[in-house]
Amino acid sequence: QVQLVESGGGLVQPGGSLRLSCAASGRTFSRYAMGWFRRAPGKEREFVAAVSEGGLRTYYVDSVKGRSTISRDNAKNTVYLQMNSLKPEDTAVYYCAADTYYIDFLSGTSEPDYWGQGTQVTISS
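Bear in mind the structure is a predicted one, so any value in this text is a computation, not a measurement.

(A) Geometry of the pairing of strand β11 (residues 119-123). What you see with β11 is a clean split: T119, V121 and I123 sit on the buried side and Q120 and T122 on the side with no burial. For strand β2 (residues 10-12) and β11, the ladder comprises 3 bridges, and the chain directions are parallel. In the sheet register, L11 faces β11, and the bridge partner there is T122. Bridge count for strand β9 (residues 92-99) against β11 is 3 bridges, and the pairing is antiparallel. Among the inter-strand pairings, Y94 is bridged to a residue of β11, identified as T119.

Have a look at this one:
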């Protein structure tokens, strides 16, 4: 069992930056690929980014590519999402997720094994 707790959300002006964190419980964190998703008001959930178990492989959806960096610290059981040049359309609840297989995040063919409760990100002036 893995429990995920996100933090770092908040209200930011357009053009600003945020770093989201997701702390995982348990000693098996390094065995899981980690990803970030978001759900904007009135929209379906959207995959944002993923990082492989060892942190060497990363993937981003086009809408955040070049503006965001996903990373992980396996010693701290934590995954991060650094977001820069934020836009109003980035407003959403952001969720982290853990999956046994990194490829699952890229293919979108199965649900992640574990989810966090989400953290609200609001981009507004």
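Still to come is the rest of the account.
(B) Up close: the sheet that holds strand β3 (residues 18-24). What the 4 strands build is an open sheet, ordered β1-β3-β8-β7; its pairing is antiparallel. Pairing within the sheet leaves two strands with one partner each, and these edge strands are β1 (4-7) and β7 (68-73). Adjacent strand axes in the sheet meet at a mean angle of 15° when their direction is disregarded. As paired elements, β1 and β3 share 4 bridges and run antiparallel to each other. When the bridges of β3 are listed, E6 appears paired with C22.

(C) Layout of the environment of K43. One can find K43 in the loop between β4 (33-39) and β5 (45-51). Placed 49 residues apart in sequence, K43 and A92 show a C-alpha to C-alpha distance of 9.3 Å.

(D) Structural context of the side chain of N77. In this fold, N77 is placed in the loop between β7 and β8 (78-83). According to the relative accessible area criterion, N77 is buried, its value standing at 18%.

(E) Structural view of the environment of T122. Topologically, T122 is positioned in strand β11. Separated by 31 residues in sequence, T122 and T91 place their C-alpha atoms 4.6 Å apart. Sequence-distant contacts of T122, that is, excluding residues within four places in its chain, are made with G10, L11, V12 and T91. A polar contact is formed between the side chain of T122 and the side chain of Q120, at a distance of 3.3 Å.

(F) Here's a closer look at a nonpolar patch on the surface. The grouping of Y59, Y101, I103 and L106 at the surface amounts to a nonpolar patch, some 400 Å² of accessible area in total. Of the residues examined, Y59 reaches a relative accessible area of 36% and is grouped as partly exposed.

(G) Examining the packing of aromatic side chains more closely. Throughout the structure, instances matching the rule amount to 6 aromatic pairs. Between F37 and F47 the ring centres are 5.5 Å apart and the planes differ by 65°, which places this aromatic pair in the edge-to-face class. Taken as a pair, F37 in strand β4 and F47 in strand β5 lie far apart in primary sequence, 10 residues in all. Each member of the pair, F37 as well as F47, carries the same accessibility label: buried. Ring pairs connect the aromatic residues F37, F47, Y59, F105 and W115, which therefore count as one cluster.

The rules behind these values
Residues numbered from 1 in each chain as written. Predicted model: local features only at pLDDT ≥ 70, side-chain atom pairs only at ≥ 80, totals over all residues. Heavy atoms only, no water. Buried < 20%, exposed > 50% of the residue type's maximum accessible area, 1.4 Å probe, protein only. Helix = DSSP H or I, 4+ residues; strand = E, 2+ residues; numbered from the N terminus. Pairing = 2+ DSSP bridges. Axes fitted to C-alpha atoms, helices over the stretch in contact; angles between N-to-C directions. Contact = heavy atoms within 4.5 Å. Polar contact = N/O pair within 3.5 Å; in protein donor to acceptor, adjacent residues only side chain to side chain. Patch = residues over 30% accessible without salt bridge, like charges linked within 9 Å, V, L, I, M, F, W, Y side chains within 5 Å. Areas by Shrake-Rupley, 256 points an atom, 1.4 Å probe, with all protein chains shown as cover. Salt bridge = Lys/Arg side-chain N within 4 Å of Asp/Glu carboxyl O. Phe/Tyr/Trp six-rings, centres within 6.5 Å; stacked < 30°, edge-to-face > 60°.

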